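What the coordinates show
Listed here are the chains, written in short residue letters.
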Amino acid sequence: MRTDVVSAGAVTRSPASDAVVVAGLRKSYGAVAAVREVSFTVADGEIFALLGPNGAGKTTTLEILEGFRRRDAGRVEVLGRDPGERSGGRALREEIGLVLQDIAVEPYLTVRETLARNAGYYPAPRDVDEIIALVGLTAQARRKVRSLSGGQQRRLDLALGMIGNPRLLFLDEPTTGFDPSARREAWEIVRRLRAAGTTVLLTTHYMDEAQALADRVAVISDGQIVAEGPPSTIGGRDHARARIRFALPPGWPPDNLPAGAVAADGLVTVETADPTRVLHRLTGWALERGTVLDRLTVDRPSLEDVYLSLTARDHEESTR
Amino acid sequence: MTTVTVTTPRARRGDLALLWHQVRYEQLSFWRNPQSAIFTFALPVVFITVLGAVVGNGAGGSYFYGLSVLQYFVSTIAAVSVIGSCYGQLATGLAIRRQNGILKRVRATPLPAWAYFLGLLAHCVMVSAVDVALIVGIGRLFGVPWPGDWPAVGVALVLGAASFCALGVAVASVIRNAEAAPAVAQLLLFPLLFLSGSYMPIHSSALNAISGALPIRPFNEALIGAFAQHAGLEWHNLGVLLAWGAAGAVVAIRRFRWNPRPE
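Computed from a prediction, not measured in an experiment: that's the story for all the values here.

When helices and strands are counted, chain A shows 10 helices and 13 strands. With the C-alpha coordinates of chain A rotated into their principal frame, the extents come out at 75 × 55 × 40 Å. When each of the 320 residues of chain A is scored for burial, the buried share is 40%. When contacts within chain A are restricted to residue pairs at least 6 apart in sequence, long-range pairs at least 24 apart make up 66% of them.

Turning our eyes to something else, we now look at the overall build of chain B. A tally of regular secondary structure across chain B gives 10 helices and zero strands. When the helices and strands of chain B are read in sequence order from the N terminus, they spell out α-α-α-α-α-α-α-α-α-α. A compact globule built from 263 residues would reach a C-alpha radius of gyration of about 18 Å, and chain B, at 20 Å, matches this within 12%. The buried share of chain B, reckoned over its 263 residues, is 44%. Pairs at least 24 apart in sequence give 79% of the contacts found in chain B among residues at least 6 apart.

So, on to the packing of helix α3 (residues 111–119) of chain A against helix α5 (residues 150–162) of chain A. All names here are of chain A. Running from N to C, α3 and α5 point in directions that differ by 25°, and their axes come no closer than 9 Å. With respect to α5, the element α3 is oriented roughly parallel. For the pair α3 and α5, the sense of crossing is right-handed. Two secondary-structure elements touch here, α3 through Val111, Thr114, Leu115 and Asn118 and α5 through Leu156, Ala159 and Leu160. A breakdown of the residues in the contact of α3 with α5 according to their chemical character gives five nonpolar, two polar and no charged.

Attention now goes to the interface of chain A and chain B. Every contact between the two is made by 26 residues of chain A and, on the other side, 26 residues of chain B. Breaking the side of chain A that touches chain B down by element, the ones donating at least two residues are α2 (89–93) and α3 of chain A. The leading source of residues in the side of chain A that touches chain B is α3 of chain A, at three residues.

This paragraph deals with unusual backbone geometry. Residues and elements named next belong to chain A. One non-glycine residue with positive phi stands out, namely Leu79, at about 50°. Looking at the element boundaries, Leu79 is found in the loop between β4 (73–78) and α2. Phi angles above zero are rare outside glycine, and Glu173 is one such case at about 45°. Residue position: Glu173 is located in the loop between β6 (168–172) and α6 (180–195).

Attention shifts here to the sheet that holds strand β12 (residues 267–272) of chain A. All names here are of chain A. Pairing is antiparallel across the open sheet formed by four strands, whose spatial order is β11-β12-β10-β13. Every other strand in the sheet has two partners, leaving β11 (261–264) and β13 (297–299) as the edge strands with one partner each. Along the sheet, successive strands turn relative to each other by an average axial angle of 20°, direction set aside. Pairing analysis gives three bridges linking strand β10 (residues 242–247) to β13, with the strands arranged antiparallel. Looking across to β13, one finds that Ile244 is bridged to Val298.

Residues and elements named next belong to chain B. Summary statistics for chain B give a mean pLDDT of 87 and a share of 94% for residues scoring 70 or more. When the criterion is pLDDT under 50, residues 1–8 qualifies, and its contacts beyond four places in sequence or with other chains add up to 10 contacts. Both scores are available for the predicted complex, with the pTM at 0.82 and the ipTM at 0.85.

Okay, the pairing of strand β1 (residues 18–29) of chain A next. All names here are of chain A. β1 sits mainly inside the fold: nine of its 12 residues count as buried. Strand direction decides the pairing type here: β1 and strand β2 (residues 32–43), joined by eight bridges, are antiparallel. In the strand pairing of β2, Asp18 is matched with Ala43. Joining the antiparallel neighbours β1 and β2 is a turn of two residues, in which Gly30 adopts a positive phi near 60°. In the sheet, β1 pairs with β4 via five bridges, with the strands oriented antiparallel.

Okay, the confidence of the model for chain A next. Residues and elements named next belong to chain A. Mean pLDDT for chain A: 84, with 90% of residues reaching 70 or above. Summarising per-element confidence for chain A, the mean pLDDT is lowest in helix α10 (residues 312–319) (52) and highest in α3 (96). Below a pLDDT of 50 lies the segment residues 1–15, which in the model reaches 26 contacts outside its immediate sequence neighbourhood of four places, other chains included.

Conventions adopted
- Residues numbered from 1 in each chain as written.
- Chains lettered and ligands numbered in written order.
- Predicted model: local features only at pLDDT ≥ 70, side-chain atom pairs only at ≥ 80, totals over all residues.
- Helix = DSSP H or I, 4+ residues; strand = E, 2+ residues; numbered from the N terminus.
- Buried ≥ 20, exposed ≤ 12 C-beta atoms within 10 Å, placed from the backbone.
- Contact = placed C-beta atoms within 7 Å.
- Rg over C-alpha atoms; globule rule 2.2 N^0.38 Å.
- Axes fitted to C-alpha atoms, helices over the stretch in contact; angles between N-to-C directions.
- Parallel < 35°, antiparallel > 145°, perpendicular 65-115°, else oblique.
- Left-handed = near helix turned anticlockwise from the far one by under 90°.
- Nonpolar A, V, L, I, M, F, W, Y, C, P; charged D, E, K, R; others polar.
- Pairing = 2+ DSSP bridges.
- pLDDT = per-residue confidence, 0-100.

Right, dumping it as structure tokens:
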């Protein structure tokens, strides 16, 4: 099903180096609009994260790109092909790897057999034992899948996504349910894939995951992309006002109180666009009085703060 | 930067090699799963062994159409084993594979749908063939003569296996709930098995007229004819079986879903 939409002019024809192009994508389930108007591109070789709360439209977007769902409107290109067209499906599947959200593997095959079976579906698969070692399942290679722990099955899933040596890998919430050390190992695997030139498009609702892995992040909320950019600058993080905090000192407040200072719960918070000058005044005041600014910190909004403010609308709706 | 639209075509393995690869792993999963190996494969073998031990190869008289009791049951239980290996295995197995997401995983790989289904068909035919060979062999041990018309046996078995595979996929396509699948599949099957004379000869012309238009009785009669009566090919029965297989295939193709959740 080819859906050409004229209004998708916001994103012009992609250069050949874009692995994924999405322009004006829309999808509804009955009266519920899951994806309202989503546009983004993923460049060849980058790690791109779709970040958003549950139900924001991440998985729907991904499943349209993977060819599992039909779109209502918009233009979608994956490695130069339309994933909605079944005719090119096999050739496209040979070049992409999919790690879906739910774990599902034949229980009675061993880890090695499962990977060897899927390797046989691809024209140029990676070496089975090498992949097993890469995801850290060498000790379990001859065990049946049903006897693996949940985390081990998820790593097998990751291995199945990579066995065909894909140019583009889709990861749908790849580390949900992992313990912290397993997550770090999974991140390391993804970084090694990028180093080898694989493009990765992942969805996650973990801020730290997007921050740790992604070259670029798109925050999706209520079916729309509300911000896009590198994790360090997204949502104006780099221009945002700095936040100075310290324990309420004796003799507070000073006469020339800096604008925007708030004292609450024994803590003073000052938000400012000019942290150097404000800090100088505050520390000068403290030194004059012979007191200290206990527990002094200066920071900018974390990715989490940005994310929470960007997705606030979803939040309100889900808590209502 | 590599260009996206131009890719060097890499060599795919041949279709037959891919099919064989798929059949091998279907076989591996089947024999490793104690439930399928015992219920689908071993049960008919046990049944015919017990029956042989109890009744021997005594004459059945006109009640068994002039065949020996065991000769009759070797034919019908061979049919039951084919129906179990094809219809039973696919009707429940595919519904469960869909429910737990395994089918969606298959769809996530480049394996073409035809290769997946032909692989399943070949796998089911192989399990059926081994089962039928064992049942006939055990019958021989109890004195049942070898089948009278081997080519007719072969035609009836392959056509029956293909038709009951198609019906199994059709039922798996219609039943959307994996928990209900085994129960519904058996509920459709068991009354029909009795009605079609699989567990005892039926001598009611009214019942036989009904069951003769349904798929199991024609399969039984085609096999009884081929095993015992040197009747040549039973065109009428094979035709009814083929019609059911074709109907099953149409439903399967139109209604089959890979995704556990509806769009």
